[in-house]
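Here are the chains, one letter per residue:
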Amino acid sequence: MPLLERLLKVEPLHPMTSVIYAMVCLGEGKLEMAVNHMRDAYKNYPDDLLVRFIYSLTLLSCNLVEEADLIINKFIKDAPEDMNAKMVFAMSLAFRHDTPTAFKILKDPKMEAWARPDLMASFFISESFALNDLKNDALDWLENAVNLGFSNYPLLNEYDPLLENIRGEERFKKLMERVKYEWENLKYSLHLLYIPDIHSVRI
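Note that the coordinates shown come from a computational prediction; the quantities given were computed from them, not determined experimentally. One numbering rule holds for all chains: residues counted from 1, following each sequence as written. In keeping with the predicted nature of the model, local features appear solely for residues at pLDDT of at least 70, side-chain atom pairs appear and are counted solely at 80 or more, and the whole-chain, interface and lining totals rest on all residues. As a rule here, side-chain values come from all non-hydrogen atoms in the structure, and water together with hydrogens is ignored.

Novice: How would you explain the nonpolar core if you had to name every residue and give the values?
Specialist: Residues Met-38, Phe-53, Phe-123, Ile-125, Leu-156 and Ile-166 are the most contacted members of the largest nonpolar core, which totals 64 residues. Here a strand is any run of E in DSSP of at least two residues, a helix any run of H or I of at least four, and the numbering for each starts at the N terminus. Of the residues forming this core, the biggest block, 9 residues, is contributed by helix α6 (residues 83-95). For our purposes a nonpolar core is just a set of buried Ala, Val, Leu, Ile, Met, Phe, Trp, Tyr and Cys residues, chained together by side-chain atoms within 4.5 Å. Each residue is placed in one exposure class: buried if its accessible area under a 1.4 Å probe, protein chains only, is under 20% of its type's maximum, exposed if it is over 50%, and partly exposed if it falls in between.

Pasting the structure below:
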């Protein structure tokens, strides 16, 4: 966050600044802060697809479904083949408990092939299934996200309201034991990384 505060001073208007800031806020459970930041970004860059995507996610995370639908409907209309657009559209359907339609999108082989290698996409899809109490699917995708490196223990175990339906599952609790260990040992792991002294490098 201190680095982002510096970034906001140096490049406050760039859309990626807003996107990164909002994602960090989401990761810390500061949902309203993320929404407010993305509202400003969307006013300045309404046609930027990445801004639409992150804005949609932040709105859904705060359960502002009707407001999110306004963005998502335009997003899916302008970019019908964009996988991010399809994913947030499915998430909005999940919020409305239109399970069959959301399930059809999320189970599409193209969606699975696109999302499986991506830890954030896997996490978002897990949320969509969890919303509709599809626990096995939600946990499959969440385990995939963790296997890919998603280790934000506070977010998964406490902050994220969209995972509430699966937190009582033994499989979830077992997964959180692993995530907690990785989260608590992250600082130590980073310390072990080999970072060469740039002054010793000869060209």
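From this point, things continue past the structure.
Novice: How would you sum up empty space enclosed by the protein? Please name residues and give values.
Specialist: With a probe scaled to a water molecule rolled over the atoms, the places where space remains empty come into view. Cavity: a set of points on a 1 Å grid over the protein atoms alone where a 1.4 Å probe fits but cannot get out. Pocket: an open set with protein on both sides within 12 Å along at least five of seven lines, its lining residues, like those of a cavity, having an atom within 4 Å of a point. Grid points are joined across faces, edges and corners, and a volume is the space filled by probe spheres set on the points. Per the stated rule, a full pass over the model turns up 1 cavity of 30 Å³ or more. Size it by volume and the largest cavity reaches roughly 40 Å³. Lining the largest cavity, in full, are Ala-94, Thr-99, Ala-102, Phe-103, Leu-106, Ser-128, Phe-129, Asn-132 and Leu-134. Counting only elements with at least two residues in the lining of the largest cavity, the list comes to α7 (99-106) and α9 (119-131). No other element matches α7, which puts 4 residues into the lining of the largest cavity. Partitioning the lining of the largest cavity into residue classes produces 6 nonpolar, 3 polar and no charged. We call Asp, Glu, Lys and Arg charged. Ala, Val, Leu, Ile, Met, Phe, Trp, Tyr, Cys and Pro are nonpolar, and the rest, Gly among them, are polar.

Novice: Break down unusual backbone geometry for me, citing the residues and quoting the values.
Specialist: Residues other than glycine seldom take positive phi values, yet Asn-63 does so here, at roughly 65°. For Asn-63, the position within the fold is in the loop between α4 (49-61) and α5 (65-78). Not every positive phi belongs to a glycine, and Asp-133 is a case in point at roughly 65°. For Asp-133, the position within the fold is in the loop between α9 and α10 (135-147). Residue Asp-133 is classed as partly exposed on the basis of its relative accessible area of 42%.

Novice: Explain the packing of aromatic side chains to me, and be specific about the residues and the numbers.
Specialist: Pairing of aromatic rings covers Phe, Tyr and Trp, the last through its six-membered ring, and needs centres within 6.5 Å; plane angles under 30 degrees mean stacked, over 60 mean edge-to-face, and all others mean tilted. Tallied over the full model, the rule gives 5 aromatic pairs. On the numbers, 6.2 Å between centres and 80° between planes, the contact of Phe-53 with Phe-124 is edge-to-face. You can see Phe-53 sitting in helix α4 and its partner Phe-124 sitting in helix α9, a full 71 residues away along the chain. Taken together, the aromatic side chains of Phe-53, Phe-123, Phe-124 and Phe-150 make up a single cluster linked through ring pairs. Over the ring of Trp-141 we find Arg-116, and its NZ or CZ is 3.8 Å from the ring centre. For a lysine, the NZ atom is tested; for an arginine, the CZ atom; a charge sits over a ring if that atom is within 6 Å of the ring centre and within 35 degrees of the ring normal.

Everything listed here is a matter of coordinates, which is why it stays silent on function.
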